[in-house]
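Survey of secondary and tertiary structure
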Amino acid sequence: MALFSSPVLRKISVLPHRYIQTSMAIAMLIALQTYSLHLAAQASAAPPDVLVLSNGDTLHGKLVNAIDGKVTFHSEPLGDVTLGWDKIKELHTGGSFAVFDKNVKIHGKKGAAALPTGTVDVANKSVTLHTENATAPAPIPIADAEFIMDKATLDKQLYHHPGFFEGWNGAATAGASVVSATQNQYAFSGALDLVRVVPTASWLSPRNRTSLGFIGSYGKITEPAYTIPTTPPTFVPAVVTKSALYHAGAERDEYFSPRFFALVQAAFDHNYAQNLDLQQIYGGGLGWTALKTPQQEMDLKATIQYERQQFFYSSANENLIGSTISLSYVLHRKFVTYTQDLAYIPAFNNPHAYSVNETNTLAFPAYKNFGFSVGTLDSYLNNTPLSEPPTKHNSFQFTMGLTYAIKSKY
């Protein structure tokens, strides 16, 4: 009886037997439910993907993607491994993927969304897609399987828009030179080019494209003052020669087909050598992608615009209605990327006030995202104001600098 001398234990001892049975039943139900959820999660988890190499070696992990004949596979011991199809004997996925046949044209978001998805088996140089709710398509030769992409990535590209700071690709370049001798000289140059295409995946037709660009240089040559030892001494004042050239631009393209788009743009130019304080251009028009392959792309554009030219001599200022007819070309090679932009800018209300701009850039990769580049900026302004000394119509700039490649992870 001493065992139940405590008031608390006496209360526990008189608890109804049915109440204890109910509590035990609830505890058992909770335990069974937790265990069943654990088993269901294990059953629903997709098995690892299997990659069999041509030499018989087998990797287990996750297929990342297959793009233009290159297969990227992730395994825990090796990380991401990229191989050509010629090095692969078999591939089997547990997850859901979409296969893009290069012989089948996909137009817009609806066309891509209608692509069948399912598990993928690759054997005997063909890709077989196993779908759940639709008739499985015929096997596709691996030479025609341009892209293989998991369903989550496909949905992200189709239905999600990157944030303002996401999806940008491009390069930043900087260069400088300093000379200290009889004359003191220094020059700085820099450039920034950013482009974002939505969707960011190259295997989908673009919906819109935004580009931002800046290129500029600033330099000064100073010849110190000195005295000529004559009688009386002759004092020669210091001579300063300055150069400053800047160009900034922005453009937004909205595609209404894979090759045609409407655009709006703005551009700003300053060129001390041409007595141009600030030129502003605001316009819109149409563009056509005349050439597009994985290695090169060429765009032709034409706009109608308002142009405001402000010179250091205000009497020469102009308000112009005109156009920009331009060509943009990019060529990608393994060890170099070549970029060219050419623009002819006529004015309708003053045929004398036209200009031509051309930029050329060669970028060479060196280590990871770092490389170096050389470039030219050639600018011709036909209506430069009269001045002393005379102002040349043409301005040419050559730049060289260290480049950092900006690559999107979206």
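In what follows, the structure referred to is the one given above.
Read on for a plain summary of the structure. Numbering of residues starts from 1 in every chain and runs along the sequence as written. Local features in this predicted model are restricted to residues of pLDDT 70 or higher, and side-chain atom pairs are both shown and tallied only at a pLDDT of 80 or more, whereas totals for entire chains, interfaces and linings draw on every residue. The side-chain figures draw on all heavy atoms in the structure; neither hydrogens nor water molecules are used.

1. A word on the overall build of the protein
- Scanning the protein from N- to C-terminus turns up four helices and 24 strands.
- The cut-offs for exposure are 20% and 50% of the maximum accessible area for each residue type, with area from a 1.4 Å probe on protein chains only; residues under the lower value are buried, those over the upper are exposed, and the others partly exposed. Put simply, the protein has 410 residues, and 32% of those count as buried.
- Taking the contacts inside the protein whose residues are at least 6 apart along the sequence as the reference set, 53% of them involve residues at least 24 apart.
- Areas reported here follow the Shrake-Rupley algorithm with a probe of radius 1.4 Å; residue values treat only the protein chains shown as occluding. As displayed, the protein has an accessible area near 24700 Å², and 63% of this comes from carbon and sulfur atoms. In this description a helix means any DSSP run of H or I spanning at least four residues, a strand means any run of E spanning at least two, and both kinds are numbered starting from the N terminus. The contact rule is simple, with two residues in contact once any of their heavy atoms fall within 4.5 Å.

2. Describing the pairing of strand 7 (residues 117–123)
- At least two bridges found by DSSP between two strands is the condition for calling them paired. The pairing of strand 5 (residues 88–92) with strand 7 spans two bridges and is classified as antiparallel. Its bridge partner being in strand 7, His92 is matched across the sheet by Asp121.
- Two elements, strand 6 (residues 97–101) and strand 7, share two bridges in a ladder whose sense is antiparallel. The residue bridging Phe97 from the neighbouring strand is Gly118, located in strand 7.
- Pairing geometry for strand 7 and strand 8 (residues 126–130), over five bridges, is antiparallel. Note on strand 8: the bridge partner recorded for Asp121 is Thr128.
- Between strand 7 and the antiparallel strand that follows it, strand 8, lie two residues; Asn124 among them carries a positive phi value of about 55°.

3. Considering unusual backbone geometry
- Residues Val198 and Pro199 are joined by a peptide bond in cis, for which omega reads 0°.
- Locating Pro199 in the fold gives a position in the loop between strand 12 (184–198) and strand 13 (208–223).
- A cis amide bond links Thr231 with the next residue in sequence, Pro232, at an omega value of -5°.
- As for its position among the elements, Pro232 is in the loop between strand 14 (226–228) and strand 15 (234–236).
- The phi torsion at Asp68 lies on the positive side, around 50°, for a residue other than glycine.
- Along the chain, the position of Asp68 falls in the loop between strand 2 (58–67) and strand 3 (70–75).
- Within the chain, Asn124 stands out as a residue other than glycine whose phi angle is a positive 55°.

4. Section: the nonpolar core
- By convention a nonpolar core is built from buried Ala, Val, Leu, Ile, Met, Phe, Trp, Tyr and Cys residues, the set being connected through side-chain atoms within 4.5 Å. Core analysis: the biggest nonpolar cluster contains 20 residues, and Trp85, Val99, Val127 and Ile148 have the highest contact counts within it.
- Of all the elements in the fold, those that place two or more residues in this core are strand 1 (49–53), strand 2, strand 3, strand 5, strand 6, strand 7, strand 8 and strand 10 (145–150).
- Residue contacts for Val127: discarding those within four places in its chain leaves Val99, Val120, Asp121, Val122, Pro139, Ile140, Ile142, Ala145 and Ile148.

5. Some words on the side chain of Asp49
- Along the chain, Asp49 falls in strand 1.
- Polar contact is the term for a pair of N or O atoms within 3.5 Å; when the atoms are in protein, one must be able to donate a hydrogen and the other to accept it, and sequence-neighboring residues count only if both atoms are side-chain atoms. There is a polar contact of 2.9 Å between the side chain of Asp49 and the backbone nitrogen of Leu63.
- In this structure the side chain of Asp49 is engaged in a polar contact, spanning 2.7 Å, whose partner is the backbone nitrogen of Gly94.
- Each residue touching Asp49, except ones within four places of it in the same chain, is listed here: Leu59, His60, Gly61, Lys62, Leu63, Phe73, His92, Thr93, Gly94, Gly95 and Phe97.

6. Structural notes on the sheet that holds strand 23 (residues 370–381)
- Within the closed barrel, the twelve strands sit side by side as 11-12-13-16-17-18-19-20-21-22-23-24. Their pairing is antiparallel. Taken over all neighbouring pairs, the strand axes of this sheet differ in orientation by 20° on average, direction set aside.
- Bridge count between strand 19 (residues 296–311) and strand 20 (residues 318–332): 14 bridges; the pairing is antiparallel. Its bridge partner lying in strand 20, Gln305 is registered against Gly322. For helices, the fitted axis covers only the stretch in contact; all axes are lines through C-alpha atoms, and the angles between them, taken along N-to-C directions, range from 0 to 180 degrees.

7. A look at the pattern of salt bridges
- Salt bridges, as used here, are contacts in which a Lys or Arg side-chain nitrogen is within 4 Å of a carboxyl oxygen on Asp or Glu. Scanning the entire structure with this criterion turns up six salt bridges.
- Where Arg209 meets Asp299, a salt bridge forms, and the shortest distance between an N and an O atom there is 2.8 Å. Residue Arg209 is located in strand 13, and its partner Asp299 is located in strand 19; the two are separated by 90 residues in the primary sequence. Across this residue pair, the class does not change: Arg209 and Asp299 are buried.

8. Overview of the side chain of Asn382
- With respect to the helices and strands, Asn382 occurs in the loop between strand 23 and strand 24 (394–406).
- Look past the residues within four positions of Asn382 in its chain and what remains in contact with it is His352, Tyr354 and His393.

9. Brief notes about the packing of aromatic side chains
- In this scheme Phe, Tyr and Trp rings, the latter by its six-membered ring, pair at centre separations within 6.5 Å, and the angle between planes marks the pair as stacked below 30 degrees, edge-to-face above 60, and tilted otherwise. For the structure on display, the rule yields 13 aromatic pairs.
- Taken together, a centroid distance of 5.7 Å and an interplanar angle of 50° make the contact between Tyr186 and Phe188 tilted.
- You can call Tyr186 partly exposed: its relative accessible area is 29%.
- Through a chain of ring-to-ring contacts, three or more aromatic side chains come together here, namely Tyr186, Phe188 and Tyr218.
- Just above the ring of Phe261 sits the side chain of Arg209; from NZ or CZ to the centre is 5.2 Å. Consider the ring centre and the ring normal. A charge sits over the ring if Lys NZ or Arg CZ is within 6 Å of that centre and within 35 degrees of that normal.

10. Details of the environment of Val127
- As for its position among the elements, Val127 is in strand 8.
- The exposure class of Val127 is buried, given its relative accessible area of 1%.
- For the pair formed by Val127 and Leu91, sequence separation is 36 residues and the distance between their alpha carbons is 8.9 Å.

11. Side note on helix 4 (residues 151–159)
- Among the residues of helix 4, Leu154, Gln157 and Leu158 are the ones counted as buried. What you see down the axis of helix 4 is that its buried residues fit within an arc of 95°, all on one side. Along helix 4, the residues that are exposed and aim more than 90 degrees away from the buried face are Ala152 and Tyr159.
- One side-chain oxygen at the N-terminal end of helix 4 lies 3.2 Å from the backbone nitrogen of Ala152; it belongs to Asp150. Note that the arc is defined by the directions from the helix axis to the C-beta atoms.

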